[in-house]
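Below, each chain spelled out in residue letters.
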Amino acid sequence: MSLKQIKLNATEDVQEFVNAASKCDFDIDIFYNRVLIDAKSILGVLSMDLTRVLNVKCHGESREFDRVLQKFAVA
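First, a word on what this report is: a plain description of the structure on this page. (Residues numbered from 1 in each chain as written. Predicted model: local features only at pLDDT ≥ 70, side-chain atom pairs only at ≥ 80, totals over all residues. Heavy atoms only, no water.)

1. Observations concerning the nonpolar core
Counting residues in each nonpolar core, the largest one holds 23 residues, and the members touching the most others are Ile-6, Leu-8, Phe-17, Ile-28, Ile-30, Val-56 and Phe-65. For this core, the secondary-structure elements that each account for two or more residues are α1 (11-22), β2 (28-32), β4 (54-58) and α3 (63-72). Counting residues per element, this core draws most heavily on α1, which supplies five residues. Non-local contacts of Leu-8, meaning those with residues more than four positions away in its chain, are made with Asp-13, Val-14, Phe-17, Ile-30, Val-45, Leu-50, Leu-54 and Phe-72. (Core = buried A, V, L, I, M, F, W, Y, C linked by side-chain atoms within 4.5 Å. Buried < 20%, exposed > 50% of the residue type's maximum accessible area, 1.4 Å probe, protein only. Helix = DSSP H or I, 4+ residues; strand = E, 2+ residues; numbered from the N terminus. Contact = heavy atoms within 4.5 Å.)

The structure is reproduced here in structure tokens:
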């Protein structure tokens, strides 16, 4: 299990993130404070406050998904 912080700035970013998450065969959660959403749900992710830094918890590993996380990673 890994934990990363990302920032999604546009609807296209959300779509790319959710598409990459959907290809994974393990659970991925995205959250801030007490709001927890399944990262494979585009409506769920779009309903989040995208002005915030979001935490992503992966319950497995995927090199392809890690590349997408790196693209949106907070420095």
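2. Here we look at the pairing of β4
Across the five residues that make up β4, a large majority, four, are buried. Pairing between β2 and β4: four bridges, direction antiparallel. Across the sheet, the residue bridging to Phe-31 is Asn-55, located in β4. (Pairing = 2+ DSSP bridges.)

3. Focus: the pattern of salt bridges
Here the structure, examined in full by the defined rule, presents three salt bridges. One salt bridge connects Glu-64 with Lys-23, and the closest N-O pair in it is separated by 3.9 Å. Taken together, the residues Glu-64 in helix α3 and Lys-23 in the loop between α1 and β2 connect sequence positions 41 residues apart. We classify Glu-64 as partly exposed; its relative accessible area is 42%. (Salt bridge = Lys/Arg side-chain N within 4 Å of Asp/Glu carboxyl O.)

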